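# Residue-level structure breakdown
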Amino acid sequence: MMGLLGWWFSQLSLPNASNFSLAVDRLYDFIFWLSVVSFLAIVLMMVVFVAKYIRRREGEATPYIEGHTPTEIGVSAGLFVLVMIIFYWGYRDYMQMRTPPAGAMEINVTGRQWEWEFQYQNGRVVARQGSEPPVFVLPRGQNVKLILQSKDVIHSFYIPEFRVKQDVVPGMYTFLWFEPTAVGEYTVYCAEFCGTDHSRMLARARVVEPADYETWQREWELAGVKSAWERQANAAATKSAAAKPTGPETIADQGKALFATKACSACHSVDGVSGAGPTLKAVFGHDVALADGSTVKADENYLRRSLMEPAAQVVKGFNGGVMPTFQGQLKDAEVTALIEYIKTLQ
């Protein structure tokens, strides 16, 4: 009977398409079957006790049941150990899911009512085309880190086949990572009700072989170079300033240009020399000592807050109130570009 149930549930289960799928399923299955066994055991004991202690004749006194201390202590200790095993099991898997490996391929994901937009590090943007949901491509076997942000309300990025889900919150970055392990196409859902067309907030994750992924990116980059050459030819034809025929700008390139136009370099060096503000060389991913004696890790959220609320976390050795806020002066995409540029200053 149990084997038949196991087969039936296996037919209902989702495909395993990421490095986390089996780990999540194992813990889920353990808790599920433990619950089934516990339920059957409790029901069985209820039947046994009803049969043993039922009053069969009128006037018969119900037997008085006394406790058994060693049994009670043993059961309590056993349940405590079992709960701790489940806790440690879940904690171990959770920490693995919250610790992206170094060198993971990063993709910036923006959620808005009611669509997803994906931007690769080379600047390529994948967004909804008409009524068709966006299809973003991933190489099989490559660690992928998604950096998530929302432009309006809370969303939740969810790919069931990957067993990953992460809330996407306005005003901050969240992330998740995974390694796609199976070629195929998988639906991305929003798992947080976000308004009228919440059910239409879909995307597709297409997992391909690494060589096919390289081809997919190279074709786009070559198309960008061709477009630049055509712009140059048109400019020459109209005797206007000719455009330089370069490929598409990466996100970091866009951030570097912003770094110059917004005069960030007037206070922050990129070569390790301190100025009116701390240098940004090798700051990302490292601990930063603050003026209040605390320490903070320089991640995406720290850099974003430093731009929006520069007086909130002043670096030790520098004065607060010197740097102006960029709240309302930078778009979300520009903030992301600046952060991606700072990441390259290692």
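Here the structure is a predicted model, which means the values were calculated and not measured.

A few words now on the confidence of the model for the protein. Summing up the model confidence of the protein, the mean pLDDT is 90 and the portion of residues at 70 or higher is 90%. Per-element confidence in the protein is highest for strand 10 (residues 203-208), whose mean pLDDT is 98, and lowest for helix 1 (residues 2-12), whose mean pLDDT is 59.

With 12 residues, helix 7 (residues 332-343) should cover 16 Å at 1.5 Å per step; its first-to-last C-alpha distance of 17 Å lies within 8% of that length. Of all 12 residues making up helix 7, 9 are buried, and the element is well covered by its neighbours. Those residues of helix 7 that sit buried are V335, T336, A337, L338, I339, E340, Y341, I342 and K343. Contact partners of the buried residues in helix 7: strand 1 (105-112), strand 5 (144-150), helix 5 (251-261) and helix 6 (300-308).

We now examine the pattern of salt bridges. In the structure shown here, the tally under the stated rule is 16 salt bridges. Note that R57 is salt-bridged to E60, the shortest N-O span being 3.7 Å. In this structure R57 comes out as exposed when scored by relative accessible area, which is 57%. Its salt-bridge partner being R206, residue E185 comes within 2.8 Å of it at the nearest N-O pair. Here E185, found in strand 9 (residues 184-190), pairs with R206, found in strand 10; they are 21 residues apart in sequence, far enough to count as distant.

Running from N to C, helix 5 and helix 7 point in directions that differ by 100 degrees, and their axes come no closer than 7 Å. With respect to helix 7, the element helix 5 is oriented roughly perpendicular. Of helix 7, the residues touching helix 5 (which contributes I251, A252, Q254, G255, K256, L258 and F259) are E334, T336, A337, L338, E340 and Y341. Looking at the contact of helix 5 with helix 7 residue by residue, the class counts come to 7 nonpolar, 3 polar and 3 charged.

Rules and cut-offs
Residues numbered from 1 in each chain as written. Predicted model: local features only at pLDDT ≥ 70, side-chain atom pairs only at ≥ 80, totals over all residues. Heavy atoms only, no water. pLDDT = per-residue confidence, 0-100. Helix = DSSP H or I, 4+ residues; strand = E, 2+ residues; numbered from the N terminus. Expected span 1.5 Å × (residues − 1). Buried < 20%, exposed > 50% of the residue type's maximum accessible area, 1.4 Å probe, protein only. Contact = heavy atoms within 4.5 Å. Salt bridge = Lys/Arg side-chain N within 4 Å of Asp/Glu carboxyl O. Axes fitted to C-alpha atoms, helices over the stretch in contact; angles between N-to-C directions. Parallel < 35°, antiparallel > 145°, perpendicular 65-115°, else oblique. Nonpolar A, V, L, I, M, F, W, Y, C, P; charged D, E, K, R; others polar.

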